[in-house]
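# Structure at a glance
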Amino acid sequence: MPLEIDGTLPASLVPLQWLVGRWAGAGVMASPETGEAQVGQEVDVVADERGFLSWTSRVWRLDEEGRRTDPLDTETGYWRTSAEQSSPGTPGVDVELLLAHPTGVVEVLVGRVLGTRVEMVTDAVVRTAGASDYTAAKRTFGQVEGDLLWVLDVAGSTEPLHPRLSARLRRVA
């Protein structure tokens with residue numbers, strides 16, 4: 001399905017326009033402490049005329065019938081294209097994702113968007129004294145058959161990168 005360019009978006013957001021919308025779906029969350037759990041997720045991505053996307057994600061556990069139970073994760077932040085491009089003249093655009101978590105973690109991820117795919121890695125993590133052991137992440141986002149698929153790998157001070165969350169989300173608005 002070809003993408004149509006939204007003429008109301010700032011030019012800097014055109015490479016990210018495929019993310020804009022409300023998304024909902026299900027996936028799997030894995031944790032060394034609790035094992036794997038089926039999860040539901042809602043993501044809101046809203047374009048701002050000042051040249052960034054706001055991002056809000058909520059994840060909760062699903063019971064055997066697919067109903068919401070315990071809230072598991074929330075994050076809020078901003079996507080933007082980088083002012084300085086690392087590879088001018090080559091396909092793709094450098095992007096940044098700034099995220100805050102209620103667990104006392106703030107992170108900056110950097111990557112490159114090419115078409116409807118983004119791969120990002122941690123550039124910086126700041127944690128409060130009581131925050132969870134979180135030192136790095138890798139996120140991959142892609143649009144497949146109109147759905148938003150994404151994978152999150154995380155690392156801690158004693159653990160290398162390992163799968164944490166994956167989901168397939170459908171556009172609901």
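Let us look at the structure shown here. Here the structure is a predicted model, which is why all the values come from computation and not from measurement.

## Some details on the overall build of the protein
Looking only at helices and strands, the protein has zero helices and ten strands in total. When the helices and strands of the protein are read in sequence order from the N terminus, they spell out β-β-β-β-β-β-β-β-β-β. What you see for the protein is a C-alpha radius of gyration of 16 Å, in line with the 16 Å of a compact globule of 173 residues. Along the first, second and third principal axes, the C-alpha set of the protein runs to 45 × 35 × 25 Å. Within the protein, buried positions represent 40% of all 173 residues.

## A few points about the pattern of salt bridges
The tally for this structure, following the rule as stated, stands at 17 salt bridges. Between R112 and D94 there is a salt bridge; the shortest N-O distance is 2.6 Å. Within this pair, whereas R112 is found in strand β6 (residues 105-114), its partner D94 is found in strand β5 (residues 93-101), the two being separated by 18 residues in sequence. Residue classification places D94 among the buried positions, given a relative accessible area of 9%.

## Topic: the environment of E42
Within the secondary structure, E42 is located in strand β2 (residues 35-48). The contacts of E42, once residues within four sequence positions are left out, are W23, A24, T56, S57, R58, W60 and R68. Within the structure, E42 has its side chain in polar contact with the side chain of R68 (distance 2.5 Å).

## Points about unusual backbone geometry
The residue E145 is not glycine, and still its phi comes out positive at about 50°. By the element assignment, E145 lies in the loop between β8 (136-144) and β9 (147-156).

## What to know about the environment of P32
Following the sequence through the fold, P32 ends up in the loop between β1 (21-31) and β2. By relative accessible area, P32 is classed as exposed at 52%. Contact partners of P32, with chain neighbours within four places excluded, come to E159 and H162.

## Quick word on the sheet that holds strand β4 (residues 68-81)
Here we have ten strands rolled up into a closed barrel, ordered β1-β2-β3-β4-β5-β6-β7-β8-β9-β10, and antiparallel in their pairing. With direction set aside, neighbouring strand axes in the sheet form an average angle of 25°. Relative to β2, β1 is paired through eleven bridges, and the arrangement is antiparallel. What sits directly across from V28, in β2, is Q38.

## Structural notes on the pairing of strand β3 (residues 52-62)
With ten bridges connecting them, β2 and β3 associate as antiparallel partners. Residue pairing in the sheet places V45 in a bridge with W55 of β3. Counting the residues between successive antiparallel strands, the hairpin from β2 to β3 contains three residues, one of them, G51, with a positive phi of roughly 100°. Sheet analysis places β3 next to β4, joined by nine bridges and oriented antiparallel. Each residue of the ladder has a partner; that of V59, found in β4, is D73. Connecting β3 to the next strand, β4, in antiparallel fashion are five residues, including G66 with a positive phi near 85°.

So, how was this worked out
- Position labels on residues start from 1 in each chain and follow its written sequence.
- Only residues with pLDDT of 70 or above have their local features reported here, since the model is predicted, and side-chain atom pairs are shown and tallied only from 80 upward, although totals for entire chains, interfaces and linings are computed over all residues.
- Hydrogens and waters are ignored; side-chain quantities use all the structure's heavy atoms.
- Helix and strand labels come from DSSP, where a helix needs a run of H or I of at least four residues and a strand needs a run of E of at least two; each type is numbered from the N terminus.
- With the radius of gyration taken over C-alpha atoms, the globule rule is written as 2.2 Å times the number of residues to the power 0.38.
- Exposed residues in this analysis have more than 50% of their type's maximum accessible area, buried residues have under 20%, and partly exposed residues fall in between, with area computed by a 1.4 Å probe over protein chains only.
- What counts as a salt bridge is simple: a side-chain nitrogen of Lys or Arg found within 4 Å of a carboxyl oxygen of Asp or Glu.
- Note on contacts: a residue pair qualifies if any of its non-hydrogen atoms lie within 4.5 Å across the two residues.
- Within 3.5 Å is the distance limit for a polar contact, defined as a pair of N or O atoms, with the added protein rule that one can donate a hydrogen and the other accept it, and that residues adjacent in sequence qualify only through two side-chain atoms.
- If DSSP finds at least two bridges between two strands, the strands pair.
- Axis definition: a line fitted to C-alpha atoms, limited for helices to the stretch in contact. Angles are taken between N-to-C directions and run from 0 to 180 degrees.

Purely spatial values, then, with no claim about function.
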